[in-house]
Amino acid sequence: MSETAQPAKRLFIKTYGCQMNVYDSERMADVLAPLGYGMTDSPEGADLVVLNTCHIREKATEKVYSELGQIKRMKQAREADGAGMTIAVAGCVAQAEGEEIMRRQPAVDLVVGPQAYHQLPELIARAHRARGERLAADFAADEKFDALPTTRRPDGVTAFLTVQEGCDKFCTFCVVPYTRGAEWSRPAETIEAEARGLAEQGVREVTLLGQNVNSYAGEGGLAGLVRRLAKIPGLDRIRYTTSHPRDMDDALIAAHGEVDELMPYLHLPVQAGSDKILKAMNRAHTAESYLRLIERIRAARPDIAISGDFIVGFPGERDADFEATLQLVREVGYASAFSFKYSRRPGTPASAMPGQVAEEVKDERLARLQALLIEQQRAFNASQTGKVLPVLFEKKGRHTGQLIGRSPYLQSVHVSAPDRLLGQIVTVKIEDAAQNSLAGVLALETA
Ligand code: 5AD
Ligand code: SF4
């Protein structure tokens, strides 16, 4: 056996966008670890910089190009010192814009789409040899998961776990069906194996990920998968995101009432409250059918926290349409939400629709919607004061002697508690609530 130890190489990964990208970044680190790459937390001095990008709105895409400009200067500084830096662009901008990225920023060495991360070692080697062939952005999700290492080193007691990728819904504003391809589900056995591996390493909560996670088409559907994973010893909490109202079936709703491990929190984007706009968005639901769905979910699990996504200023949105969105929000009562101004994405049907809304109008609508959503979030948080909730402690707080955990409803909870409770689920009496977190004191310790 050769004794020449591989010199340690430094890898910096910056992740933009959704939780799927966070998961993918971890997996990229896993593929690169055997090649001697260890993580570093700054691009300066890194041998390999990966930007794992998001294409969902224009702002996200533009951030990538401005970051690349800065990294290029770091690369030049390193080259002046006789060292090198490989710059890779991964994620959805890579998928959508491909070689154009290298035209706009020639310092980029390789571009790799979300389904080709298992090819990273080979692509990097190729980029080193000849900085010419730099593209791998095709769709073959099954190959990706087969080829990625099966062992993961989780950092902490919570982990993401991808169970489904892609989207066939083609909402008219959205790039995901183009950047992530068709809906594809991993087999339940491999998901279970990954979850068991995580639980054996101390993970107590998994969040099942998919662009359309509740369309999961493996054995038993998402409800079956949740029930299967709930049996894994040590895995006490299960969450899933992001769901489409259309795929919220009876079995999944029933699971919310019956499976203790399934946390009472559901991210169920509605996007808008006007049926005219929902139709133009190709959402395949109405405001009314969404409200009835929420009713059925609440009948199964009355305390469930509902979260959502909203877009204001979709083409053709008039004042009355926007008012319908506010009305729907009032009827649902959200625990948390994300809201965005419509962003015109090249190649999507909505980008060519008439009636594009002026920026000032979007700004004004967004401000009004966010004021209402924030008010609801505060009210939801405030409604927890006085309650005793099980909190999973995930990390140390900023102050000594403080731990931060999550309530079943995904709220951050700050508590004075000894470090030995990290990774434990502990009952906490909630004493105070703010917009983004709760504060409480230890009630009863549980195992
Ligand atoms: N403009 C604004 N928001 C968008 N989203 C997706 N595409 C766009 C777009 N073109 C939002 C949707 C989606 C969330 C992830 O991002 O609300 O649910
Ligand atoms: Fe985009 Fe609609 Fe698919 Fe969600 S369901 S990823 S918004 S196309």
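- The protein chain carries the name tRNA-2-methylthio-N(6)-dimethylallyladenosine synthase in an unreviewed UniProt entry, which gives Phenylobacterium deserti as its organism.
- We quote the UniProt Subcellular location (unreviewed entry) comment for the protein chain here in full: "Cytoplasm".
- Per UniProt, the protein chain carries the Catalytic activity (unreviewed entry) text "N(6)-dimethylallyladenosine(37) in tRNA + (sulfur carrier)-SH + AH2 + 2 S-adenosyl-L-methionine = 2-methylsulfanyl-N(6)-dimethylallyladenosine(37) in tRNA + (sulfur carrier)-H + 5'-deoxyadenosine + L-methionine + A + S-adenosyl-L-homocysteine + 2 H(+)".

### Some thoughts on the sheet that holds strand E12 (residues 265-267)
Strands pair in a sheet through their backbones, by hydrogen bonds, and they do so in one of two ways: parallel or antiparallel.
Phase 1 of the analysis: A sheet is described by the order of its strands in space; here 3 strands give the open sequence E12-E13-E14, paired in parallel fashion. The open sheet has two edge strands with one neighbour each: E12 and strand E14 (336-341). Along the sheet, successive strands turn relative to each other by an average axial angle of 10°, direction set aside.
Phase 2 of the analysis: Where strand E13 (residues 305-312) lies against E14, 6 bridges are found, and the strand directions are parallel. Looking at the pairing, Ile-311 lines up with Phe-340 of E14.

### Brief notes about the UniProt feature "domain: Radical SAM core" (unreviewed entry) in the protein chain
Phase 1 of the analysis: Taking the numbering used here, the UniProt-annotated feature "domain: Radical SAM core" (unreviewed entry) corresponds to residues 153-379.
Phase 2 of the analysis: Annotated as 40% helix and 16% strand, the span residues 153-379 places its first and last C-alpha atoms 38 Å apart.

### Some thoughts on the site of ligand 1
Phase 1 of the analysis: The full set of residues close to ligand 1 is Ile-56, Arg-57, Phe-173, Gln-271, Asp-309, Ile-311, Phe-340, Lys-341, Tyr-342, Ser-343 and Arg-345.
Phase 2 of the analysis: In this structure, Ser-343 approaches ligand 1 through a main-chain N or O atom, which is 2.8 Å from a nitrogen atom.
Phase 3 of the analysis: Here ligand 1 has 410 Å² of accessible area as a free molecule, and 87% of this is covered by the chains.
Phase 4 of the analysis: Among the elements of the structure, E13 and E14 are those that each provide at least two residues to the shell around ligand 1.
Phase 5 of the analysis: Partitioning the shell around ligand 1 into residue classes produces 5 nonpolar, 2 polar and 4 charged.

### A few points about the site of ligand 2
Phase 1 of the analysis: Ligand 2 sits among Cys-167, Lys-169, Phe-170, Cys-171, Phe-173, Cys-174, Val-176, Pro-177, Asn-212, His-244 and Arg-283.
Phase 2 of the analysis: Here the residues of the shell around ligand 2 sort into 7 nonpolar, 2 polar and 2 charged.

### Let's talk about the layout of surface pockets
Phase 1 of the analysis: Roughly 470 Å³ of volume is contained in the second largest pocket.
Phase 2 of the analysis: As for the second largest pocket, its lining consists of 21 residues, and the residues nearest its centre are Arg-57, Glu-58, Lys-59, Lys-341 and Ser-343.
Phase 3 of the analysis: Mapped by element, the contributors of at least two residues to the lining of the second largest pocket are helix H2 (58-80), E14 and helix H14 (359-382).

### Quick look at the side chain of Gln-271
Phase 1 of the analysis: Tracing the sequence through the fold places Gln-271 in the loop between E12 and helix H11 (275-280).
Phase 2 of the analysis: Gln-271 has contacts with Phe-173, Met-281, Arg-283, Asp-309, Phe-310 and Ile-311, leaving out every residue within four places of it along the chain.

### Topic: the sheet that holds strand E10 (residues 205-209)
Phase 1 of the analysis: Taken in spatial order, the 3 strands make up an open sheet running E7-E10-E11, and their pairing is parallel. Because the sheet does not close on itself, it has two edges, and the strands there are strand E7 (158-162) and strand E11 (237-241). Strand-to-strand twist in this sheet, taken as the mean axis angle between neighbours without regard to direction, amounts to 25°.
Phase 2 of the analysis: As judged from the 5 bridges shared by E7 and E10, these two strands associate in the parallel manner. Counted as the bridge partner of Leu-161 is Leu-208 from E10.
Phase 3 of the analysis: Most of the contacts of helix H1 (residues 19-32) go to E7, to which it runs at about 95°, and overall it touches E7, E10 and E11.

### Notes on the domain arrangement of the protein chain
Phase 1 of the analysis: Split into domains, the protein chain comes out as domain 1 (7-130), domain 2 (143-382) and domain 3 (388-444).
Phase 2 of the analysis: With 18 residues of domain 2 at the contact, the number on the domain 3 side is 20 residues.
Phase 3 of the analysis: Note on domain 2 versus domain 3: buried area summed over both sides is about 1500 Å², and carbon and sulfur give 56% of it.
Phase 4 of the analysis: The three residues of domain 2 that bury the most area against domain 3 are Arg-204, Arg-237 and Asn-381, which together make up 37% of that side's buried surface.
Phase 5 of the analysis: Scanning the region where domain 2 abuts domain 3 turns up 0 salt bridges.
Phase 6 of the analysis: Looking at the side of domain 2 that touches domain 3, the elements with two or more residues in it are E11 and H14.
Phase 7 of the analysis: The element contributing the most residues to the side of domain 2 that touches domain 3 is H14, with 6 residues.
Phase 8 of the analysis: Partitioning the side of domain 2 that touches domain 3 into residue classes produces 8 nonpolar, 3 polar and 7 charged.

Conventions used here
Residues numbered from 1 in each chain as written. Chains lettered and ligands numbered in written order. Predicted model: local features only at pLDDT ≥ 70, side-chain atom pairs only at ≥ 80, totals over all residues. Heavy atoms only, no water. UniProt positions renumbered as here; feature names shortened; annotations may be inferred. Pairing = 2+ DSSP bridges. Helix = DSSP H or I, 4+ residues; strand = E, 2+ residues; numbered from the N terminus. Axes fitted to C-alpha atoms, helices over the stretch in contact; angles between N-to-C directions. Near = heavy atom within 4 Å. Polar contact = N/O pair within 3.5 Å; in protein donor to acceptor, adjacent residues only side chain to side chain. Areas by Shrake-Rupley, 256 points an atom, 1.4 Å probe, with all protein chains shown as cover. Nonpolar A, V, L, I, M, F, W, Y, C, P; charged D, E, K, R; others polar. 1 Å grid on protein atoms, 1.4 Å probe; cavity = no way out; pocket = protein on both sides within 12 Å on 5 of 7 lines; lining within 4 Å. Points joined across faces, edges and corners; volume = space filled by probe spheres on them. Contact = heavy atoms within 4.5 Å. Domains from an automatic or database assignment. Buried area = accessible area lost by both parts, 1.4 Å probe. Salt bridge = Lys/Arg side-chain N within 4 Å of Asp/Glu carboxyl O.

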